[in-house]
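Summary of the model geometry
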Amino acid sequence: MFKSTAFLALLSLVPTLVSAQQPLYAQCGGIGWSGGTTCVSGATCQKLNDYYSQCLPGSATTPTTTPTTTPTTTPTTSVPTGTTTPAAGNPYTGYTIYLTPYYADEVKAAAALISDATQKAKALKVANIPTFTWFDVIAKTSTLGTYLADASAKGKASGQKYLVQIVVYDLPDRDCAALASNGEFSIANDGLNKYYGYIDQLVAQIKKYPDVRVVAVIEPDSLANLVTNLNVAKCSGAQTAYKTGTIYALKQLNSVGVYMYLDAGHAGWLGWPANLTPAAQLFAQLYRDAGSPPFVRGLATNVANYNALSASSPDPVTQGNSNYDEIHYINALAPALSSGGFPAHFIVDQGRSGVQNIRSAWGDWCNVKGAGFGMRPTLNTGSSLIDAIVWIKPGGECDGTSNTSSPRYDAHCGLSDAAPNAPEAGTWFQSYFETLVKNANPAL
Ligand code: BGC
């Protein structure tokens, strides 16, 4: 005891010679990082992107390089053989949603930092609410196999059928109209081929666990950017790669029976009346180009956003759009999808939609101040178009850094309605999590 205290005192005197070990989930590296680069026992410092390495549980076994097999550069045009037939109806019906240990661990670590006993108890409840797991870098793909094996074992032990929820999120030149979530692959540097490798890695693992059902949200923001942001050079430059990459993902994930929902922005984006028809046409065209994969079930809306499913009255910032919440948006989009032959089923993210009327402008998306956890995941959606209310953005993970000197600083994250002192996108934002807990509606 005394020895370690003395050692810590020594450490504080010579910070440039010895770095303290970083706690679980803390930053441990990245461009501009000057803090500790080693992790406490039981955690390993893993590079998530050029700007952020994080102490993650376990030893570093995840691959950090792209696969050595050369992926096909041109996706095949037919639906892959071996495609099984999807179950009729809502893919969630009859399944238990798997709780991803990654998020549960983040939440438990966060709760441990809360001193108020009531808030701590509320925070801990979040660890039992299912969220999607984002595969936002290829290095994380091997963890999917771990989760599927765990879900499979839990299913066998309990006699229940398990469903694992994932977000496929690694297109080259990702987040083309913003900066906060720019990804690891660039089109200029063979990014499309690398993306095929990323999809192949997910598929290889899913194939091994046919007893576990997988539901995937496909590439948040990408197709919506192609509907409204082709005036942005990075988006017009990414158009072909986004489409080709998405078609490849749909075909390959279909071949292993993954139920898919393509991301469709939200009411304040594609829900503007002028955007509905072009959006529906793009989804339908892409679906046809992929060979109408039967496991494409529909669209995911409000991913990582703050809109209500059904607002008691329109938020003033929605003025001018009669589709002022997700249910109005979905009801308006569905007929256009159906007439184009696209399956009009939906899942809706309500993870951070508990508090309304908190934005200065509808387009504000970054760590909006005053948000609270929203409706709990449920199949009682009140709409035959909506399969499930889900939590897709894991609440507490950041939307983007407020550090103006970061290469991924986006001005939205510096707005007056964005929470200050925000870390890099995807990493833990403790004070924001605590606000989500405090403002949860329904209360936790
Ligand atoms: C980030 C991802 C992260 C996801 C979920 C996105 O905004 O860019 O890195 O995995 O949010 O938190």
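Position labels on residues start from 1 in each chain and follow its written sequence. Predicted model: local features are reported for residues with pLDDT of at least 70 only, side-chain atom pairs are reported and counted for 80 or more only, and whole-chain, interface and lining totals are derived from all residues. Based on all heavy atoms of the structure, the side-chain values leave hydrogens and waters out of the count.

Stated formally: UniProt positions are given in the numbering used here, feature names are shortened, and annotations may be inferred rather than shown by experiment.
Looking up the protein in an unreviewed UniProt entry gives the name Glucanase, with the organism given as Collybia nuda. Under the UniProt heading Sequence similarities (unreviewed entry), the note attached to the protein is "Belongs to the glycosyl hydrolase family 6."

1. Quick notes on the overall build of the protein
Going by this rule: Each helix corresponds to a stretch of at least 4 residues labelled H or I by DSSP, and each strand to a stretch of at least 2 residues labelled E; elements are numbered beginning at the N terminus. For every residue, the accessible area (1.4 Å probe, protein chains only) is compared with the maximum for its type, and the residue is labelled buried under 20%, exposed over 50%, or partly exposed between those bounds. Note on contacts: a residue pair qualifies if any of its non-hydrogen atoms lie within 4.5 Å across the two residues. Residue-level accessible areas treat just the shown protein chains as cover; the underlying method is Shrake-Rupley with a 1.4 Å probe.
A count of helices and strands for the protein gives ten helices and 13 strands. When burial is assessed residue by residue, the protein has 54% of its 444 residues classed as buried. Partitioning the intrachain contacts of the protein with sequence separation of at least 6 by distance along the chain shows that 74% fall at a separation of at least 24. Split by element, the accessible area of the protein, about 18,100 Å² in all, is 56% carbon and sulfur.

2. Some words on the UniProt feature "binding site: substrate" (unreviewed entry) in the protein
Under the UniProt annotation, the feature "binding site: substrate" (unreviewed entry) is placed at Trp134, Asp136, His266, Trp269, Asn305, Trp365, Lys393 and Glu397. As for its position among the elements, Asp136 is in the loop between strand 7 (133-135) and helix 4 (142-158). With relative accessibility at 18%, the residue Asp136 sits in the buried group. Aside from chain neighbours lying at most four places away, what touches Asp136 is Tyr169, Asp170 and Arg174. Among the structural elements, Glu397 can be located in the loop between strand 13 (386-390) and helix 10 (430-438).

3. Some words on the pattern of salt bridges
The condition that has to hold: Salt bridge, as used here: a side-chain nitrogen of Lys or Arg that lies within 4 Å of a carboxyl oxygen of Asp or Glu.
One pass over the structure, following the stated rule, counts eight salt bridges. Note that Lys156 is salt-bridged to Asp211, the shortest N-O span being 3.7 Å. Taken as a pair, Lys156 in helix 4 and Asp211 in the loop between helix 5 (191-207) and strand 9 (213-218) lie far apart in primary sequence, 55 residues in all. Residue classification places Lys156 among the exposed residues on the basis of a relative accessible area of 65%. Residue classification places Asp211 among the partly exposed positions, given a relative accessible area of 38%. Of the charged contacts in the structure, one is a salt bridge between Glu424 and Arg408, with a shortest N-O distance of 3.2 Å. With Glu424 in the loop between strand 13 and helix 10 and Arg408 in the loop between strand 13 and helix 10, this pair connects stretches of sequence that are 16 residues apart. Here Glu424 matches Arg408 in class, with each residue buried. Through salt bridges that share partners, Arg352, Lys393 and Asp399 make up one connected network.

4. Overview of the packing of helix 3 (residues 117-125) against helix 10
Counted only if it meets this: For helices, the fitted axis covers only the stretch in contact; all axes are lines through C-alpha atoms, and the angles between them, taken along N-to-C directions, range from 0 to 180 degrees. Under this scheme an angle from 65 to 115 degrees is roughly perpendicular, one under 35 degrees roughly parallel, and one over 145 degrees roughly antiparallel; angles in between are oblique. Gly counts as polar in this scheme, as do all residues outside two lists: the nonpolar Ala, Val, Leu, Ile, Met, Phe, Trp, Tyr, Cys and Pro, and the charged Asp, Glu, Lys and Arg.
Relative to each other, helix 3 and helix 10 sit at 90°, their axes nearing to 10 Å. Between helix 3 and helix 10, the crossing angle belongs to the class labelled roughly perpendicular. Counting all contacts with helix 3, which are made through Gln119, Lys122 and Ala123, the residues of helix 10 involved are Phe433, Val437 and Lys438. For the contact of helix 3 with helix 10, the per-class residue count stands at three nonpolar, one polar and two charged.

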